[in-house]
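Residue-level listing of the chains:
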Amino acid sequence: MRKIYVIGIGAGHPDHLTLQAAKAIGRTDVFFVLDKGEAKESMIELRRQLMKAYGRPSRRIAEGQDPSRDRTPDDYQGTIADWRHRRSEVTEALIGEHLLDGETGGFLVWGDPSLYDSTIAILDEILGRGQTLFEYEVIPGVSSVSALAAKHRIGLNRVGRAFQVTTGRRLADEGWPEGVDDLVVMLDAQQAFTAHPDAHIYWGAYLGTPDELLASGPVAEVSGEILRIRAEAREKHGWIMDTYLLRRP
């Protein structure tokens, strides 16, 4: 039986790698990489560094082209479902061609595979089709949420209060959730935090990488600075991954 590791590699710093993840990398025969284009080459480069540092000398790399998708669709759910399906087809072809019976494959997943990542769902879809068989194991990683809290030296919740993890899209469309005082927001292309000037924000982008950016303060005072920094960074790198905590007084 073929086996696949889904390995969380942290938010961007090589030292975020856990001992469990390093051992799993060392047991992997074939690493699967989906190329997202030149703009995200730096995301793939960290994976290459970890393969070199902890992988077997005989390791192999199987690369495929990540399908493109509309970033501002009218039907967001349908667009994501279609993209994941096409991604699963590319992934299944790679597994079928490159992973031999009895070998171990690996996906090096940015952050934590169980938080805002599609790899687990894609592997389940492949198994559901019943044509390509394997077993898989998930290795947790340091998420951008954990890295953000550590960098700002804060806890995500306060005593007796709830916190929630959501997306910028949901915050923009649905507003601040009821009964929540501390709101963690991931990938806010809409800059939805600007609608909450009374909150305090702890913001970070490219967390753990040499390009890391941090800002914090009352939204009313720092939103302009964050918008400027975010726009400049996206122009420079061609992509941005940001996370922030919004905290009600």
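In short, a report on the structure. Chains are numbered independently. Their residues run from 1 in the order of the written sequence. In keeping with the model being predicted, local features are shown solely for residues with a pLDDT of at least 70 and side-chain atom pairs are shown and tallied solely at 80 or more, while totals for entire chains, interfaces and linings include all residues. The side-chain numbers reported here are obtained from all heavy atoms of the structure, hydrogens and water having been left aside.

**Let's talk about the overall build of the chain**
Here is step 1: By the criteria applied, helices consist of DSSP H or I runs no shorter than four residues and strands consist of E runs no shorter than two, each listed in order from the N terminus. Of regular secondary structure, the chain possesses 7 helices and 10 strands.
Here is step 2: Against the compact-globule benchmark of 18 Å for 249 residues, the chain has a radius of gyration of 19 Å, which places it among compact chains.
Here is step 3: Along the three orthogonal principal directions, the C-alpha set of the chain runs to about 55 × 40 × 40 Å.
Here is step 4: Contacts in the chain between residues at least 24 apart in sequence constitute 72% of all its contacts with a sequence separation of at least 6.
Here is step 5: For the chain, the exposed surface amounts to about 12,500 Å²; the carbon and sulfur share of it is 48%.
Here is step 6: For the chain, the centre of its 30 positive side-chain charges and the centre of its 37 negative side-chain charges are spaced 4 Å apart. Note on method: radius of gyration uses C-alpha positions; expected globular size equals 2.2 Å times residues raised to 0.38. Contacts: residue pairs with any heavy atoms within 4.5 Å of one another. Note on areas: these come from Shrake-Rupley sampling with a 1.4 Å probe, and a residue is covered only by the protein chains present in the view. In this tally Asp and Glu are treated as negative and Lys and Arg as positive; neither His nor the chain ends contributes. Note on charges: their place is set at NZ of Lys, CZ of Arg, CG of Asp or CD of Glu.

**A closer look at the pattern of salt bridges**
Here is step 1: Salt bridges are counted wherever a side-chain nitrogen of Lys or Arg sits within 4 Å of a carboxyl oxygen of Asp or Glu. On inspection of all chains with the given rule, the structure shows 14 salt bridges.
Here is step 2: Residue Glu 92 is joined to Arg 129 by a salt bridge in which the shortest nitrogen-to-oxygen separation is 2.8 Å. Placement of the pair is Glu 92 in helix α3 (residues 76–98) and Arg 129 in helix α4 (residues 119–129), with a sequence separation of 37 residues.
Here is step 3: Residue classification places Glu 92 among the buried positions, given a relative accessible area of 14%.
Here is step 4: Arg 228 is the partner of Glu 232 in a salt bridge, and the nearest nitrogen-oxygen pair spans 3.3 Å. Here the residue Glu 232 and the residue Arg 228 both occupy positions in helix α7 (residues 219–237), the gap between them amounting to 4 residues, near one helical turn.
Here is step 5: Relative accessibility under 20% of the residue-type maximum defines a buried residue, over 50% an exposed one, and the middle range a partly exposed one, all with a 1.4 Å probe and only protein chains included. For Glu 232, a relative accessible area of 47% translates into the label partly exposed.
Here is step 6: Using a relative accessible area of 45% as the deciding quantity, one classes Arg 228 as partly exposed.
Here is step 7: One salt-bridge network, held together by shared partners, links Glu 92, Glu 125 and Arg 129.

**Things to note about the sheet that holds strand β6 (residues 163–167)**
Here is step 1: Reading across from one edge, β6-β7-β10-β8-β9 is the order of the 5 strands in this open sheet, with mixed pairing throughout. Among the strands making up the open sheet, the edge pair consists of β6 and β9 (213–218). In this sheet, neighbouring strand axes are inclined to one another by 15 degrees on average, regardless of whether the strands run parallel or antiparallel.
Here is step 2: By definition, two strands form a pair when at least two bridges between them are found by DSSP. By the bridge criterion, 6 bridges tie strand β8 (residues 200–205) to β9 in an arrangement that is antiparallel. Across the sheet, residue Tyr 202 finds its bridge partner in β9, namely Ser 216. Where helices are involved, their axes are fitted lines through C-alpha atoms of the stretch in contact, as for all axes, and angles between N-to-C directions lie from 0 to 180°.

**Quick look at the environment of Leu 50**
Here is step 1: Structurally, Leu 50 is set in helix α2 (residues 41–54).
Here is step 2: Separated by 163 residues in sequence, Leu 50 and Leu 213 have C-alpha atoms that sit 23 Å apart.
Here is step 3: Not counting chain neighbours up to four residues away, the residues in contact with Leu 50 comprise Ile 9, Pro 14, Leu 17, Ile 25 and Gly 55.

**Observations concerning the packing of aromatic side chains**
Here is step 1: Stacked, tilted and edge-to-face are the three classes applied to pairs of Phe, Tyr and Trp rings, where Trp contributes its six-membered ring and a pair requires centres within 6.5 Å; stacked means planes under 30 degrees apart, edge-to-face means over 60, and tilted covers the rest. Enumeration over the complete set of coordinates arrives at 3 aromatic pairs.
Here is step 2: Here the aromatic rings of Phe 193 and Tyr 244 are separated by 5.4 Å at their centres, their planes lie at 80 degrees, and the arrangement is edge-to-face. In this pair, Phe 193 is assigned in the loop between β7 (182–186) and β8 and Tyr 244 in strand β10 (residues 242–247), connecting sequence segments 51 residues apart.
Here is step 3: For Tyr 244, a relative accessible area of 0% gives the class buried.

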